[in-house]
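Architecture at a glance
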Amino acid sequence: MQFTPHTRIRRSPFFEATVSAGAAGFTTYNHMLLPAGYGDPEGEYWRLRRGVSMWDVAAQRQVELRGPDAGKLAQILAPRDLSRCAAGQGKYVALCNHAGALINDPIALKLDDDTYWFSIADSNILFWARAIAAERRLDAAVTEPDVSPLAVQGPQAAEVIAALFGEWTRGMKYFHFRRADLDRMPLLLARSGWSKQGGFEIYLLDRAHGMRLWNTVAEAGAAWDIAAGSPNANERIESGLLSWGGDTDDATNPFEVRLGKFVDLDFDGADEVVGIDALRRIRRDGPARHQLGVILDGDAPAPPHPLWYDITVDGRKVGDMTCGIWSYRLARNIGFGLVARDMTAGMRVEVVKGDARIGATLTVLPFA
Ligand code: THG
């Protein structure tokens, strides 16, 4: 079987570079090809944990809100108080529908009073934001700009970024960003990224420079043995980072998946936020499920699973295992459980994989 090229499946401006670097496979994300590994999962994991890795994450598309009502629209879409978000600052937000279900978990970036970006996970927020803007009669244009993030992640990322942009970058705060040109390439530099190993994201503002930016970062990073990687399932599961659409279903609300700390329900303007009534009700009653770590018995690496597995106790279903991976650090198969709220850390459960039932222990997240 062969992959059939089509304009529906978009290519990142770094696509050719990732192929040259040996991308072993691609997935899609926001209708764009996203590299998924370079053939050495364990090497990529340890490089991210101990060194520095560069990732084509152009598929993290931006939804731009621009106009006099951009701030109002951002606040209506996001159940988090954005009133003290400064220009040049980002915040992790839990976008919800009217039922309080999580529909995306982007970083909201404020560029200026009239311009916001949502750096989105894999669901169509462009249409959603346009519809809400129109229904609320707001003066804000909603578009997808030509913006393509390249992530530099790992404990040595700060060295590479300082070599490229200067020493000032070491003082950048998490989720803050700044306009920064590199050799006449228009960019934003942000301290962010989908790992807990520290790092930066370079938002390329003109896709024509994709190859040159990739090569510039690769050359500057060579002294720290930088190499291509991709959003890393092993690390993100160990670190407890959520994968929207993987760890969530159509009914998952933010309180079930540990995003309650990013949700504000009472602030000036909160009554206007989409889903606020449902979110207030859920917080009052308590969510039906919650997310815990799952550690499977046994020490033989199991393949990652694209399906949810039932979690049972005495044959009775108590939840789902939504992701699973071999942890190189813990030498155990681990994952996330979305389980009934009476299930707590320390409890013994079984994970049902076809005909097999595997003993497992629930634990707190992130994994220690
Ligand atoms: N970077 C950018 N865009 C993105 C992602 C990213 N879009 C898609 C996806 N990732 C959005 N989801 C997340 C999920 C978690 C985090 C960032 C984006 C994250 N969370 C930290 C945590 O949960 O511990 C910090 C949150 C905080 O303290 O505010 O970083 O990675 N551009």
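Keep in mind that what you see is a predicted model, and the values were worked out from it rather than measured. One numbering rule holds for all chains: residues counted from 1, following each sequence as written. Given that the model is predicted, a residue must reach a pLDDT of at least 70 before its local features are reported, and side-chain atom pairs must reach 80 or more before they are shown or counted; all residues, however, enter totals for whole chains, interfaces and linings. Water and hydrogen atoms play no part in the side-chain values, which are based on all heavy atoms of the structure.

1. Focus on the side chain of D56
Applicable threshold: Secondary structure elements are defined from DSSP: runs of H or I of at least 4 residues count as helices, runs of E of at least 2 residues count as strands, and each element is numbered from the N terminus. Working definition: with a 1.4 Å probe on protein chains only, accessible area under 20% of the residue-type maximum means buried, over 50% means exposed, and in between means partly exposed. Under the counting rule used here, the positive set is Lys and Arg, the negative set is Asp and Glu, and His together with the chain ends is not counted. For this document, the term salt bridge refers to a Lys or Arg side-chain nitrogen within 4 Å of an Asp or Glu carboxyl oxygen. Definition of a polar contact: a pair of N or O atoms within 3.5 Å, with one able to donate and the other able to accept a hydrogen when the atoms are protein atoms, and with sequence-neighbouring residues admitted only if both atoms are side-chain atoms. Any two residues having at least one pair of non-hydrogen atoms within 4.5 Å are treated as being in contact.
Mapped onto the elements of the fold, D56 is located in strand β3 (residues 53–56). Of the side chains with opposite charge, R61 lies nearest to the buried D56, which makes no salt bridge, at 7.4 Å. A polar atom in the side chain of D56 sits 3.0 Å from the backbone nitrogen of A58. In this structure D56 touches S12, F14, F15, T18, L34, P35, P149, L150 and W214, once residues within four positions along its chain are discounted.

2. Quick notes on the site of the ligand
Operational definition: Consider each residue's heavy atoms; a residue with any of them within 4 Å of a molecule or strand counts as near. For the area figures, the Shrake-Rupley method with a 1.4 Å probe applies, and any residue is considered shielded solely by the protein chains shown.
Lining the immediate surroundings of the ligand are 17 residues, of which Q60, S119, K196, E201 and Y203 lie closest. E201 is positioned with one of its side-chain polar atoms (N or O) 2.9 Å from a nitrogen atom of the ligand. Protein chains bury 87% of the 640 Å² of accessible surface belonging to the ligand in isolation.

3. As for the pairing of strand β21 (residues 356–363)
For clarity, the cut-off: Two strands are counted as paired when DSSP detects at least two bridges linking them.
Both strand β16 (residues 289–296) and β21 contribute to a ladder of four bridges, which runs antiparallel. Its bridge partner being in β21, L296 is matched across the sheet by A360. When strand β20 (residues 348–353) meets β21, the two strands line up antiparallel, connected through six bridges. The residue bridging V352 from the neighbouring strand is R357, located in β21.

4. Comments concerning the sheet that holds strand β15 (residues 227–229)
How we decide: Axis definition: a line fit to C-alpha positions, over the contact stretch in the case of helices; interaxial angles, taken between N-to-C directions, run 0 to 180 degrees.
Strand order in the open sheet formed by six strands is β12-β13-β14-β11-β3-β15, with mixed pairing between adjacent strands. The open sheet has two edge strands with one neighbour each: β12 (177–179) and β15. Neighbour-to-neighbour, the strand axes of this sheet turn through a mean angle of 25°, independent of strand direction. Summarising the sheet, strand β11 (residues 148–153) and strand β14 (residues 199–204) pair through six bridges and their orientation is antiparallel. From the neighbouring strand, V152 faces β14, where its bridge partner is F200. Most of the contacts of helix α5 (residues 157–165) go to β14, to which it runs at about 40°, and overall it touches β11, β13 (187–190) and β14.

5. Points about the pattern of salt bridges
According to the stated counting rule, one finds 22 salt bridges in the structure shown. With a closest N to O distance of 3.1 Å, D113 and K110 form a salt bridge. On the basis of relative accessible area, D113 is assigned to the exposed category, the value being 58%. For D297, the salt bridge goes to R348, with nearest N and O atoms at 2.7 Å. Highlighted residues: D297 in the loop between β16 and β17 (309–313) and R348 in strand β20, separated in sequence by 51 residues. Taking the relative accessible area as the measure of exposure, D297 reaches 37% and is therefore partly exposed. We classify R348 as partly exposed; its relative accessible area is 46%.

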